[in-house]
Amino acid sequence: MYTIEMAYAHMRSMQEQAHRSRVRQAAVAARQEAAAERRTSTSRTKKH
């Protein structure tokens, strides 16, 4: 039997998984941006 509590627990786990995914994507994007910044920081043509 599928109960409301089971449905709520499943929904909650899906929300937590989505949150972890968003946090991981943000961290990866920040790391990539920092790496790109380091690569271009010595360039004279850097745009401000």
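Residues numbered from 1 in each chain as written. Predicted model: local features only at pLDDT ≥ 70, side-chain atom pairs only at ≥ 80, totals over all residues. Heavy atoms only, no water.

Undergrad: Could you clarify how one ought to interpret the overall build of the protein chain in this entry?
TA: Summing up its helical and strand segments, the protein chain has one helix and zero strands in all. Within the span of the protein chain, comprising 48 residues, buried residues form 0% of the whole. When the accessible surface of the protein chain is totalled, it reaches about 4800 Å², and 58% of it is carbon and sulfur. (Helix = DSSP H or I, 4+ residues; strand = E, 2+ residues; numbered from the N terminus. Buried < 20%, exposed > 50% of the residue type's maximum accessible area, 1.4 Å probe, protein only. Areas by Shrake-Rupley, 256 points an atom, 1.4 Å probe, with all protein chains shown as cover.)

Undergrad: Which parts of the structure should I look at to understand the pattern of salt bridges?
TA: Side-chain pairing between opposite charges can occur once the charged atoms of the two side chains come close. For the structure on display, the rule yields one salt bridge. For glutamate 16, the salt bridge goes to arginine 12, with nearest N and O atoms at 3.6 Å. In this pair, glutamate 16 and arginine 12 are both assigned in helix α1 (residues 4–40), four residues apart and thus about one turn of the helix distant. Using a relative accessible area of 41% as the deciding quantity, one classes arginine 12 as partly exposed. (Salt bridge = Lys/Arg side-chain N within 4 Å of Asp/Glu carboxyl O.)

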